[in-house]
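What follows is each chain in one-letter form.
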Amino acid sequence: MNNATLQRPATPKPVRLGRGKNFSADRRPGFLTYGILLAFLIGSTYPLWYSFVIGSSTGDVFSSAWPPLLPGGRFWVNVAEVFDSVDFWAALGNSLIVSSVITFSVVSFATLAGYAFAKLRFRGRQGLLVFVIATLAVPTQLGIIPMFMMMKQLGWTGSLGAIMIPTLVTAFGVFFMRQYLVDNIPDELIEAARVDGASMIGTFWHVGVPAARPAMAILSLFTFMTAWTDYLWPMLVAPQTPTLQVALSQLQSARYVDYTIVMAGALMATIPLLLLFVVAGKQLVSGIMAGAVKG
Amino acid sequence: MRRRHLRGRLDFKFSPYLYISPFFVLFALVGLFPLIYTFVVSINDWELLGGAGDWVGLDNYKAELASPLFWNSLLNTFSIFLLSAIPQLVVATFIAAMLDQNIRAKTFWRMSVLVPYVVTPVAVTLIFSTAFDEKYGLINNLLGALNLDTIAWKTDVFPSHMAIATMVNWRWTGYNALILLAAMQAVPRELHESAAIDGAGAIRRFFSITLPSIRPTMIFVIITATIGGLQIFTEPKLFNPSSSVPGGPDRQYQTTVLYLWDLAFNRGDFGRASAVAWMLFLIIIVIGVINFLISGTIASSSDKQKSRRFATRKGKK
């Protein structure tokens, strides 16, 4: 599963055993399966609901012995306090800018390099590809000290640029695109374009990019999510221009923590990704099932 | 005409390098250089404010290897990792097996297990930190209502590890279930059919066919979980806001990356923090090499299965 083929696994076709007797695994499962899945679904969503219940109540909701199930009426009051404590919209804007730029950069450079590794012949290709694969294991997290020194030296700390720079390219992106393009562009198509007199970049643009589009979409989704959820580096290098994650964590760093407001903030910060999930949840699922790697 | 030919040849020769160069240039700058420079910092007596001091060789490494705080952080990291990886894998495999059946509303169920994945770690930590609050948290309230002893989630070592592992599990179990589900769906149908004809029930088939077949994916999931688990930071950092020491008043759940961060940016000892970074990097490399070896042997043995999958796919088109 390491290699990222993007096709969805073939859906099982019912196999007939004898006269009209379906193979047992193709039968619809019983209630037990749905019960288990439903329980898992409740476990998956209850913490979010819980944050809404707390985030819409006053502090005395905590004194009830049993888990509170119904929301209070103070959600917007608490949200207003979130807006008073941190500059939510600025943080949202910062997160949007940072994640979009990183996504654009990672996907463009990964497509270019992945295409070259998959379909072009050049000296040193094999060695360089092995290098890319070897660097997959290098966590950028561990380079934070010199990276921080570098940003300080350049006077870039506190800027959005400093947040973006460490993740403008990823080895995983290059590897992912290469794996996809190797199988999905026939060599004849590239040769035909060349024979027709297309330049190298023209061939890339008219043959490579259209073929790469599905993989680019999935890589974009995952890169965006990874950039959006990052906390350590943005918190370190630019706490003055907080991303949404940093702003959210600042809600909690006050000496007296009001959990109702923290919860309202947590929910507000989750809504953008929930919206993304509604729009692109299917692609996320198929991307993961195709072997996308944790960010 | 001739000039055009020349230009075409140059284009042909140099374009590939042009296409890969942005990646390599940027990666050298933000991936490779910091890594090497971390090593340079680690063999010097380097302070946040004072800058580069004397060359001290491996003294920083020796000091860290002798430091109980370093070992404490490593122990905490592995403890939290084990508490999250094992239940996560078991539950994910189970859920994947449930999803692998011919259920109705497939897409709905698949998407539903992924909901926690879109909640960012910061939000996850805040939500669970509230639920695990020692005085007023959901979980202790519930224990109290059931007349059980409440648990000191934020002060005792083992409970705090459990609480942090819970956050990790909540976010990642569904994700891993989907990866495992993909592997299960790639198991050749004929295997299940012949076993069914031979009279093997669903449970027998799960242990004798499904589990052995998804072993490579299982190993892949374990390795990625390990690498991710070794870098855990956000959850322990934000778990208890009232603690002045990151990772608990007595460092009960201070993980290695959190320790590194504290060493560098609170105490200003860049040299020793860099030594910690490099040791952690070496641990990750060792695990990466194991990954490479295992997946290498697996790749050769699973080629057959892959080509069969490819054939069926082609046949469908």
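Above this text sits the structure in question.
Since the structure is predicted, the reported quantities are computational estimates derived from the model, not experimental observations.

1. Considering the overall build of chain A
When you go through chain A residue by residue, the secondary structure sums to 12 helices and 2 strands. Its helices and strands in sequence order give chain A the pattern β-β-α-α-α-α-α-α-α-α-α-α-α-α, from N to C terminus. A sequence separation of at least 24 residues applies to 71% of the contacts in chain A between residues at least 6 apart. With the model as given, the accessible surface of chain A reaches about 13,400 Å², and the carbon-plus-sulfur share is 64%.

2. Here's the deal with the interface of chain B and chain A
The interface of chain B with chain A comprises 110 residues on the first partner and 109 residues on the second. For the pairing of chain B and chain A, the buried interface totals around 10,200 Å² over both sides, and the portion due to carbon and sulfur atoms is 75%. When the buried surface of chain B facing chain A is broken down by residue, Y19, F23 and V118 of chain B rank first, second and third, together holding 8% of it. Where chain B packs against chain A, one counts 0 salt bridges. In terms of residues, the side of chain B that touches chain A owes the most to one element, helix α1 (residues 2-42) of chain B, which gives 22 residues. Tallied by class, the residues present in the side of chain B that touches chain A amount to 73 nonpolar, 23 polar and 14 charged.

3. With respect to the pattern of salt bridges
Residues and elements named next belong to chain A. A complete count under the given rule lists 4 salt bridges over all chains for this structure. Put simply, K119 and D187 hold a salt bridge, and the shortest N to O gap is 3.1 Å. Of this pair, K119 sits in helix α3 (residues 88-119) while D187 sits in helix α8 (residues 187-195); the two residues are 68 residues apart in sequence, bridging distant segments of the chain.

4. What to know about the environment of I164 of chain B
Residues and elements named next belong to chain B. Checked against the element boundaries, I164 lands in helix α7 (residues 157-185). Overall, the relative accessible area of 0% leaves I164 in the buried class. In sequence terms I164 and T120 are 44 residues apart; their C-alpha atoms lie 15 Å from each other. In contact with I164, other than residues within four places in its own chain, are I80, I232, E235, P236, F239 and Y253.

5. As for helix α12 (residues 256-266) of chain B
Residues spaced three or four apart along an α-helix face the same direction, because each turn holds 3.6 residues. Residue and element names in this part refer to chain B. With 10 of 11 residues buried, α12 lies mostly within the body of the structure. Within the sequence span of α12, burial applies to T256, V257, L258, Y259, L260, W261, D262, L263, A264 and F265. Backbone geometry just after α12 places G268 at a positive phi near 70°.

6. Thoughts on the packing of helix α3 (residues 68-99) of chain B against helix α10 (residues 215-230) of chain B
Residues and elements named next belong to chain B. Interaxial distance between α3 and α10 falls to 10 Å at its minimum, and their mutual angle equals 150°. Between α3 and α10, the crossing angle belongs to the class labelled roughly antiparallel. Here α3 and α10 pass one another in a crossing that is right-handed. Of the residues in α10, those in contact with T77, F78, F81, L89 and T93 of α3 are M218, V221, I222, A225, T226, G229 and L230.

7. Considerations on the side chain of Q252 of chain B
Residue and element names in this part refer to chain B. Tracing the chain through its elements places Q252 in the loop between α11 (234-239) and α12. A polar side-chain atom of Q252 sits 2.8 Å from the main-chain carbonyl oxygen of T155. Once residues within four sequence positions are removed from consideration, Q252 is found in contact with N76, K154, T155, V157, S160, H161 and G247.

8. Some details on the side chain of T103 of chain A
All names here are of chain A. Assignment of secondary structure puts T103 in helix α3. On the accessibility criterion, T103 (9% relative accessible area) is buried. Beyond its immediate stretch of four places on either side in the chain, T103 contacts S220, T223 and F224.

9. A word on the packing of aromatic side chains
One pair of aromatic rings is described through two measures. These are the centre distance and the angle between the planes. Tallied over the full model, the rule gives 39 aromatic pairs over all chains. Geometrically, the ring pair formed by W49 of chain A and F52 of chain A is tilted, given 5.5 Å between the ring centres and 50° between the ring planes. Of this pair, W49 of chain A and F52 of chain A both sit in helix α1 (residues 31-55), 3 residues apart, which is roughly one turn of that helix. By relative accessible area, which is 36% here, W49 of chain A ends up partly exposed. Taken together, a centroid distance of 5.4 Å and an interplanar angle of 80° make the contact between F239 of chain B and Y253 of chain B edge-to-face. One end of the pair, F239 of chain B, is in helix α11; the other, Y253 of chain B, is in the loop between α11 and α12, with 14 residues separating them in the sequence. A relative accessible area of 0% places Y253 of chain B in the buried class. One aromatic cluster in this structure is built from F117, F122 and F131 of chain A together with Y17, F23, F24 and F27 of chain B. It is K154 of chain B that lies over the ring of F239 of chain B; its NZ or CZ is 5.2 Å from the centre. The ring of W172 of chain B has R171 of chain B lying over it, and the distance from NZ or CZ to the ring centre is 5.1 Å.

Rules and cut-offs
Residues numbered from 1 in each chain as written. Chains lettered and ligands numbered in written order. Predicted model: local features only at pLDDT ≥ 70, side-chain atom pairs only at ≥ 80, totals over all residues. Heavy atoms only, no water. Helix = DSSP H or I, 4+ residues; strand = E, 2+ residues; numbered from the N terminus. Contact = heavy atoms within 4.5 Å. Areas by Shrake-Rupley, 256 points an atom, 1.4 Å probe, with all protein chains shown as cover. Buried area = accessible area lost by both parts, 1.4 Å probe. Salt bridge = Lys/Arg side-chain N within 4 Å of Asp/Glu carboxyl O. Nonpolar A, V, L, I, M, F, W, Y, C, P; charged D, E, K, R; others polar. Buried < 20%, exposed > 50% of the residue type's maximum accessible area, 1.4 Å probe, protein only. Axes fitted to C-alpha atoms, helices over the stretch in contact; angles between N-to-C directions. Parallel < 35°, antiparallel > 145°, perpendicular 65-115°, else oblique. Left-handed = near helix turned anticlockwise from the far one by under 90°. Polar contact = N/O pair within 3.5 Å; in protein donor to acceptor, adjacent residues only side chain to side chain. Phe/Tyr/Trp six-rings, centres within 6.5 Å; stacked < 30°, edge-to-face > 60°. Lys NZ or Arg CZ within 6 Å of the ring centre and 35° of its normal.

Function cannot be inferred from these measures alone, as they are strictly geometric.
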